[in-house]
Amino acid sequence: MGLTGRSSSGLAAVCCTMLFAGLQMFKTQLGSSRLLTLVAGYVSSWIFVFLLISVNSLEQVMFGPGFQSKLPEVVLCIIIACGSAATVHRVSSTVCLLCSIVALYFISRISEEHQSHSSPAGLYAKKKK
């Protein structure tokens, strides 16, 4: 069983904050080599994922359980995540953008599978005369 909307939003916001704090604490080490610069971009893409979860859960609490994130929320979360990656290195921002797009594809696919299984089967069936 998953968390409720408020708990999910709060936990995702805490995870996002912890990842950002970790990036800022180790920013000189992460920017010192090529591999660690890529790692910083990958970690920043997780900031995008947790931020999107937090925003979407908060919107579901405010607007109802059927509300889904749209393009403005996704773009805002990508800009914030890429901005946090850019504080480490410019290449980290590019890696963050690419990893975030891949993560968004998989999040969308999982959401689509979940939404298609949760719809009642009799709703779309034809009625017998």
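This write-up is about the structure you can find in this document.

About the thresholds
Residues numbered from 1 in each chain as written. Predicted model: local features only at pLDDT ≥ 70, side-chain atom pairs only at ≥ 80, totals over all residues. Heavy atoms only, no water. Phe/Tyr/Trp six-rings, centres within 6.5 Å; stacked < 30°, edge-to-face > 60°. Helix = DSSP H or I, 4+ residues; strand = E, 2+ residues; numbered from the N terminus. Buried < 20%, exposed > 50% of the residue type's maximum accessible area, 1.4 Å probe, protein only. Contact = heavy atoms within 4.5 Å. Core = buried A, V, L, I, M, F, W, Y, C linked by side-chain atoms within 4.5 Å. 1 Å grid on protein atoms, 1.4 Å probe; cavity = no way out; pocket = protein on both sides within 12 Å on 5 of 7 lines; lining within 4 Å. Points joined across faces, edges and corners; volume = space filled by probe spheres on them. Nonpolar A, V, L, I, M, F, W, Y, C, P; charged D, E, K, R; others polar.

1. Structural notes on the packing of aromatic side chains
- Enumeration over the complete set of coordinates arrives at four aromatic pairs.
- Between Y42 and W46, the aromatic rings sit 6.5 Å apart at their centres with planes inclined by 85°, giving edge-to-face as the arrangement. With Y42 and W46 both in helix 3 (residues 34-63) and four residues apart, the pair spans about one turn of that helix.
- The class of Y42 is partly exposed, set by a relative accessible area of 46%.
- Both rings, one in W46 and one in F50, keep their centres 5.9 Å apart while their planes meet at 40°; by these two values the pair is tilted. With W46 and F50 both in helix 3, this residue pair falls four residues apart, about one helical turn.

2. Observations regarding the environment of G5
- Note on placement: G5 falls in helix 1 (residues 5-25).
- Spatially, the C-alpha atom of G5 lies 10.0 Å from that of G64, the residues being 59 residues apart in sequence.
- With sequence-adjacent residues up to four places away left out, G5 is seen in contact with S57 and V61.

3. Some words on the nonpolar core
- The biggest cluster of nonpolar side chains holds 18 residues, and the ones touching the most others in it are L23 and F48.
- Residue assignment for this core shows that the elements contributing at least two residues are helix 1, helix 3, helix 4 (71-86) and helix 5 (90-118).
- Here F48 is in contact with V74, C77, I78, A81, S100 and L104, once residues within four sequence places are set aside.

4. Remarks on the layout of surface pockets
- Taken as a whole, the largest pocket encloses approximately 930 Å³ of empty space.
- Along the walls of the largest pocket sit 26 residues, with N56, Q60, I107, S111 and Q115 positioned nearest its centre.
- Taken together, the elements giving at least two residues each to the lining of the largest pocket come down to helix 1, helix 3 and helix 5.
- The dominant element in the lining of the largest pocket, judged by the number of residues it contributes, is helix 5, at 10 residues.
- Each residue belonging to the lining of the largest pocket can be placed in one class, and the counts come to 11 nonpolar, 14 polar and one charged.

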